[in-house]
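A look at the structure
Chain residues, written in single-letter form:
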Amino acid sequence: MDLAEFGDLFSFGDDFSPIMMLVWIIPIVFFVFYGQQIQLYISANQIKKQIFRLKEYRDESKDELVNYVKERMKASSDSPSRIETFLDYFSIMPSNMDPGGIVPKVRHVVRSREEHTREQIRILDPTAGELQRTQAQTLLEIASSLRLLHRITNHVYLTAKKQKNFPMILPLQMMLPFIMEEAKALRGAVSAFKLGQPIGDGIGPMVVGRMMVHLQKETAAFQTVWSQTLIDKRRVYLMKAQGPLSSVGRPGDAVENLLRRRKMDAIIMIDAALKMEGEESAVVSRGFGAAIGGIGTERFQIEEIATKRGIPIYAIVVKQSIKEALALMTKEVALKASSVRSQVGEMIREAAPEGGSVLVVGVGNTVGVSQ
Amino acid sequence: MFKKERPVLPYTLSVCDSCGREGRAKFAEGDCLFIESSKCECGGRMMIEMIYGETTGR
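Predicted model only: the values in this text are computed from it and were never measured. (Residues numbered from 1 in each chain as written. Chains lettered and ligands numbered in written order. Predicted model: local features only at pLDDT ≥ 70, side-chain atom pairs only at ≥ 80, totals over all residues. Heavy atoms only, no water.)

1. Points about the packing of helix α5 (residues 130–162) of chain A against helix α6 (residues 166–195) of chain A
All names here are of chain A. Where α5 contacts α6, the two axes come as close as 10 Å, and the packing angle between them is 160°. For the element pair α5 / α6, the angle class is roughly antiparallel. Of the two elements, α5 crosses α6, and the hand of that crossing is left-handed. Residues of the contact of α5 with α6, tallied by class, amount to 18 nonpolar, five polar and two charged. (Axes fitted to C-alpha atoms, helices over the stretch in contact; angles between N-to-C directions. Helix = DSSP H or I, 4+ residues; strand = E, 2+ residues; numbered from the N terminus. Parallel < 35°, antiparallel > 145°, perpendicular 65-115°, else oblique. Left-handed = near helix turned anticlockwise from the far one by under 90°. Nonpolar A, V, L, I, M, F, W, Y, C, P; charged D, E, K, R; others polar.)

Here you go:
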């Protein structure tokens, strides 16, 4: 194609056509003024589909909870309406204008909520066993979290749409894959908790629980137990949430209670950790510091007492995706338990001299994992 | 383009505390780790060592 033909094609030649000029200019002007709105419309449609899926997860998790309470707990006929009320409970976090001393306040709010929920579930069926009650409480927390995710996402979406606010929809579009990943993981967790199956997060309790079999168990704190044994001439204290309840126990209180009564040379914490994108699943890593998730109050409590007493904290984590951590434990993760146990043995020998004492804490939800 | 999620089947792996024989069965409600699942042929106790999910199909 020579230059003349090129000019003809775009009406730059002798036969200059104002109509052809308009054909080019009108879309340009149109997109200058309405391009953002078109983009908003396309993005909004994509987001709407995801919000619809979130709504499905929200409703399904609520139905599962209602069915569980009806079938397993012989609850009264008004239980669905009571559950509806619990699902809408919210927590107001303490003011952080003066952050000094905020941790006990946060702990107080969180525990008040937990205790209230526990009591409400007990009222639904006072004859139900502790296992059923803890399972129902976890299902309630899952349904409540999914409801919150849907509500916040829907709020941002509707506000952006109402105000035709394109910049507002962009962060939502960026965050939505992460929100959906978490929502899918929560939705997937329902069946495991309902059936009392160990989840990926339970690898810490699984490792410690296996070491506690045949040992005498004592209560260390609410829904948390400990045992004592000898490994390679070192006194080893083993601690985990009380299985097979669906509970993480209160490791903060338990560690504090035990350290007040016993002198330790080291603390070893075993937990599941979120793997990074591209990392293999079920990889075991060692490190330093308190390996414990959650809102941060338990970690603060353990760090506080360990720092005061100058006790080093070692961590062993088994890496997993959020979906794996919340769903039924995968075979790959379960097979790592024996490797983690042998690594704990090595760490005990390295961290304490003969005659010394080490505290080993299995952190995570202990559903389906006894001891 | 879109990968369909493969179903995950839950299994319970028991090991005899006497002869070490392993037995795998489909997970049944009430199974939980480190409890006795059944009696072994040797007279020992089959203890649940693992409960895990395995994806099926290719």
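2. Observations concerning the confidence of the model for chain B
As a note on interpretation, predicted positions should not be read in detail where pLDDT is low. Residues with a pLDDT of 70 or more make up 91% of chain B, whose mean pLDDT is 90. Overall fold confidence for the complex sits at a pTM of 0.89, while the interface term, ipTM, reaches 0.91. (pLDDT = per-residue confidence, 0-100.)

3. Considerations on the pairing of strand β1 (residues 8–16) of chain B
All names here are of chain B. Pairing of β1 with strand β4 (residues 45–55) involves nine bridges; the strand directions are antiparallel. The residue bridging Cys-16 from the neighbouring strand is Met-46, located in β4. What sits between the antiparallel neighbours β1 and strand β2 (residues 22–26) is a turn of five residues, in which Gly-20 has the positive phi angle 80°. (Pairing = 2+ DSSP bridges.)

4. Quick look at the interface of chain B and chain A
Each side of the interface is counted separately: chain B has 17 residues, and chain A has 22 residues. Ranking the residues of chain B by area buried against chain A places Glu-29, Leu-33 and Phe-34 of chain B at the top, with a combined share of 33%. Applying the counting criterion to the chain B and chain A interface returns three salt bridges. A salt bridge links Glu-54 of chain B to Lys-331 of chain A, with the nearest nitrogen and oxygen atoms 3.0 Å apart. Here chain B is connected to chain A by seven residue pairs in polar contact (both at pLDDT 80 or more). Of all elements in the fold, only β1 and β4 of chain B reach the threshold of two or more residues within the side of chain B that touches chain A. In terms of residue count, the dominant contributor to the side of chain B that touches chain A is β4 of chain B (seven residues). Looking at the side of chain B that touches chain A residue by residue, the classes come out as 10 nonpolar, one polar and six charged. (Contact = heavy atoms within 4.5 Å. Buried area = accessible area lost by both parts, 1.4 Å probe. Salt bridge = Lys/Arg side-chain N within 4 Å of Asp/Glu carboxyl O. Polar contact = N/O pair within 3.5 Å; in protein donor to acceptor, adjacent residues only side chain to side chain.)

5. Some words on the packing of aromatic side chains
For the coordinates displayed, the defined rule picks out six aromatic pairs over all chains. Ring geometry for Trp-226 of chain A versus Tyr-237 of chain A: centroids 5.8 Å apart, planes at 45°, classification tilted. One end of the pair, Trp-226 of chain A, is in strand β2 (residues 224–231); the other, Tyr-237 of chain A, is in strand β3 (residues 234–241), with 11 residues separating them in the sequence. Residue Trp-226 of chain A is classed as buried on the basis of its relative accessible area of 2%. Measuring from centroid to centroid gives 6.3 Å for Tyr-11 of chain B and Tyr-52 of chain B, while their planes differ by 45°, and the two rings are tilted. Placement of Tyr-11 of chain B in strand β1 and of Tyr-52 of chain B in strand β4 is noted, with a sequence separation of 41 residues between them. Assigned by exposure class, Tyr-11 of chain B and Tyr-52 of chain B land together as buried. Lying over the aromatic face of Tyr-11 of chain B, Arg-24 of chain B brings its terminal NZ or CZ to 3.8 Å of the ring centre. (Phe/Tyr/Trp six-rings, centres within 6.5 Å; stacked < 30°, edge-to-face > 60°. Buried < 20%, exposed > 50% of the residue type's maximum accessible area, 1.4 Å probe, protein only. Lys NZ or Arg CZ within 6 Å of the ring centre and 35° of its normal.)

6. With respect to the sheet that holds strand β6 (residues 313–320) of chain A
All names here are of chain A. With respect to topology, seven strands assemble into an open sheet ordered β1-β2-β3-β7-β4-β6-β5, the strand pairing being mixed. A single partner strand is all that each edge strand has here, and the edge strands are β1 (218–221) and β5 (284–288). Pairs of neighbouring strands in the sheet enclose a mean axial angle of 30°, with direction left out of account. In terms of strand pairing, β2 meets β3 through eight bridges, oriented antiparallel. Bridge pairing in β3 places Leu-230 opposite Arg-235. Across the face of the sheet, helix α7 (residues 203–212) comes into contact with β2, β3, β4 (266–274), β6 and β7 (357–362) while running at roughly 130° to β3.

7. Focus: the sheet that holds β1 of chain B
Residues and elements named next belong to chain B. The four strands are arranged β2-β1-β4-β3 in an open sheet whose pairing can be described as antiparallel. Each of the sheet's edge strands pairs with one partner strand only, and the pair in question is β2 and β3 (36–39). Strand after strand, the sheet turns through a mean of 40° between neighbouring axes, direction not considered.

8. A few points about the state of the cysteines
As enumerated under the stated definition, the model contains zero disulfides over all chains in all. The thiol of Cys-16 of chain B is not disulfide-bonded; the next cysteine sulfur, from Cys-42 of chain B, is found 3.6 Å away. (Disulfide = S-S within 2.5 Å.)

9. Description of the confidence of the model for chain A
Overall, the predicted model of chain A reaches an average pLDDT of 92, with 96% of residues at or above 70. At the low end of the mean pLDDT range in chain A sits helix α1 (residues 3–9) of chain A, at 57; at the high end sits β7 of chain A, at 98.

10. Here's the deal with the packing of helix α4 (residues 102–124) of chain A against helix α9 (residues 297–309) of chain A
Residues and elements named next belong to chain A. Where α4 contacts α9, the axes come no closer than 10 Å and their chain directions differ by 135°. Of the possible angle classes, the one that applies to α4 and α9 is oblique. The handedness of the crossing between α4 and α9 comes out as left-handed. Side by side, α4 and α9 meet where Val-103, Val-106, Arg-107 and Arg-111 of the first sit next to Thr-297, Glu-298, Phe-300 and Gln-301 of the second. Across the contact of α4 with α9, the residue classes tally to three nonpolar, two polar and three charged.

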